[in-house]
Amino acid sequence: MAIKEEFIIYYLDLLRELEKEKPDFLLFDVREPEEIECYGQIPKTINIRVDDVVNELVNLKDENFKKKYGIPKPDQHTKMIFSCYSGKRAENAVKKMNEKGYTQVYLYRGGFREWHDKQNLERQTFIIKYDQLLEDQKKSDVLIVDVREPEELAETGKISESINIKSSNVVEEFKELSEEDFEEKYGKPKPTKDTKIIFSCRSGNRSKRVQKQMQELGYKQVFNFEGGWEEWKRREEEKENEMKNDSGTQKGN
C-alpha cells in the first residue's frame, strides 16, 4: 500500500525541522553503518538498519533503548522521519512501523542522495574568492580562521588578520570556550551563529570539511576560501612583482 501524501516529507520540510533547536521529529537513517561512515549522513539522524527497525523501536526495552541511543524510546504517537539513500528502504521501514500501530511515521522520499546534492549546491554560494577576502580583512565583524596545523603556519606564515585553530579542534573550541576564554585565547570576539566566518587552509580541502561541520552546528554565515594559502601566497607574490615592475618602469622613464 502506498504511503499517503501527508506522510511524505520533502527537502524544505526537513531543512526547517533541522534548523529548530529542538526538532519536532526524531530522524532515523536506515542505511548500513558502513554506508554512513563512507558517505556521511543528514545532521541529527540516528542510524538503525532497516532490518533492525522493528526490533529496536518496538521490541527493545525502554531503558535499553535510552542507554543505546541516548534518547527516550519513542511511543506509538511520536513523530518520526525515516530516511535512507534514495527512499526505498526508508519506505519499507515506514510500512513496518505502520503495521505495528505507529501513527506519526513519515518518509523523507529524497533521502541522503537528494540532501547531499542540494546541500552541495547551497554551499557553492558560501565560497570566498581572493578579492573578496581582501575586502573582508578590513572588517572588524568578520572572523578569518586558518585551520592548518600550527607547524604549517610557522613554516609558511599566515593570512593577515586570521587566527589559527587546527581543523580537528574547531568544533570543540567553538562549542566549549566561553566568550571570555575565546577572546583571551585568540584575541578576537567569539563569533555568534550570525557572524561571518571564513575558513582557510593550504588548498581548501580541510577548510571545506570544517565549513560543513560548522554549518551543521547552525552557523549561518560560514565561508570557505577555497584557494587557501597556496592561492593567497601566489596572488600576493604577483602583486609584489607587479609593484616592482611598475617601479622599474618609472625609474627607466
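Rules behind the numbers
- Residues numbered from 1 in each chain as written.
- Predicted model: local features only at pLDDT ≥ 70, side-chain atom pairs only at ≥ 80, totals over all residues.
- Heavy atoms only, no water.
- Buried < 20%, exposed > 50% of the residue type's maximum accessible area, 1.4 Å probe, protein only.
- Helix = DSSP H or I, 4+ residues; strand = E, 2+ residues; numbered from the N terminus.
- Arc of directions from axis to C-beta.
- Patch = residues over 30% accessible without salt bridge, like charges linked within 9 Å, V, L, I, M, F, W, Y side chains within 5 Å.
- Areas by Shrake-Rupley, 256 points an atom, 1.4 Å probe, with all protein chains shown as cover.
- Salt bridge = Lys/Arg side-chain N within 4 Å of Asp/Glu carboxyl O.
- Lys, Arg positive; Asp, Glu negative; His and termini not counted.
- Charge placed at Lys NZ, Arg CZ, Asp CG, Glu CD.
- Pairing = 2+ DSSP bridges.
- Contact = heavy atoms within 4.5 Å.
- Core = buried A, V, L, I, M, F, W, Y, C linked by side-chain atoms within 4.5 Å.
- Domains from an automatic or database assignment.
- UniProt positions renumbered as here; feature names shortened; annotations may be inferred.

Student: An account of helix α1 (residues 11-19) is requested, with residue identities and associated values reported.
Tutor: Within the sequence span of α1, burial applies to Tyr11, Leu14, Leu15, Glu17 and Leu18. Taken around the axis of α1, the buried residues stretch over an arc of 160°, which confines them to a single face. Exposed side of α1, more than 90 degrees from the buried face: Leu12 and Glu19 are the residues found there.

Student: Break down a negative patch on the surface for me, citing the residues and quoting the values.
Tutor: Taken together, the side chains of Glu179, Glu180, Asp181, Glu183 and Glu184 present a region of like negative charge at the surface. Within the secondary structure, Glu184 sits in helix α10 (residues 179-186). You can call Glu184 exposed: its relative accessible area is 68%.

Student: Can you tell me about the sheet that holds strand β5 (residues 105-108), naming the residues and giving the values?
Tutor: Strand order across the open sheet formed by five strands is β1-β5-β4-β2-β3, with parallel pairing between neighbours. Whereas interior strands pair on both sides, the edge strands pair on one side only; in this sheet they are β1 (8-9) and β3 (45-47). The pairing of strand β2 (residues 26-29) with β3 spans three bridges and is parallel. Residue pairing across strands places Asp29 opposite Asn47, the latter belonging to β3.

Student: Describe in detail the environment of Met80, supporting the description with residues and values.
Tutor: Relative to the elements of secondary structure, Met80 occurs in strand β4 (residues 80-83). A C-alpha to C-alpha distance of 5.0 Å links Met80 and Val105, two positions 25 residues apart in sequence. Once residues within four sequence positions are removed from consideration, Met80 is found in contact with Phe25, Leu26, Phe28, Leu57, Pro74, Met97, Tyr102, Gln104, Val105 and Tyr106.

Student: A description of the nonpolar core should follow, citing residues and the corresponding values.
Tutor: Judged by nonpolar contacts, the single largest core of 24 residues is most densely connected at Phe28, Val30, Val53, Leu57, Met80, Phe82 and Met97. Listed by contribution, the elements that provide at least two residues to this core are β2, α3 (53-59), α4 (62-69), β4, α5 (88-99) and β5. Looking at this core, the element that brings in the most residues is α5, giving four residues. Here Phe82 is in contact with Phe28, Val30, Val53, Leu57, Ala90, Ala93, Val94, Met97, Val105, Tyr106, Leu107 and Tyr108, once residues within four sequence places are set aside. By size, the runner-up hydrophobic cluster in this structure holds 17 residues, among which are Phe174, Cys201, Met214 and Tyr219.

Student: Explain the domain arrangement of the protein chain to me, using residue names and the numbers behind them.
Tutor: By domain assignment, the protein chain separates into domain 1 (5-119) and domain 2 (121-239). The distance between the C-alpha centroids of domain 1 and domain 2 comes to 33 Å.

Student: Could you give an account of the sheet that holds strand β6 (residues 127-128), naming the residues involved and the relevant values?
Tutor: Pairing within the open sheet is parallel, and its five strands lie in the order β6-β10-β9-β7-β8. In the strand order of this sheet, the two ends are held by β6 and β8 (162-164), each with one partner. Alignment of β6 against strand β10 (residues 222-225), held across two bridges, turns out to be parallel. Paired with Ile128 across the two strands is Phe225, which belongs to β10.

Student: Pulling in residues and values, what's your account of the UniProt feature "domain: Rhodanese" (unreviewed entry) in the protein chain?
Tutor: When the UniProt feature table is mapped onto this chain numbering, "domain: Rhodanese" (unreviewed entry) sits at residues 21-120 and 138-241. For residues 21-120, the end-to-end C-alpha separation is 23 Å, with 44% helix and 15% strand making up the annotated structure. Here residues 138-241 is 46% helix and 16% strand, with 23 Å between the C-alpha atoms at its ends.

Student: For the pattern of salt bridges, give the residues involved together with the corresponding values.
Tutor: Under the definition given, this model contains 24 salt bridges. For the salt bridge of Lys196 with Asp136, the shortest nitrogen-to-oxygen distance reads 2.9 Å. Of this pair, Lys196 sits in strand β9 (residues 196-200) while Asp136 sits in helix α7 (residues 130-136), and the two are 60 residues apart along the sequence. An identical accessibility class is assigned to Lys196 and Asp136; each is buried. Each member of the salt-bridge network shares a partner with another, and the members are Asp131, Glu231, Arg234, Arg235 and Glu238.

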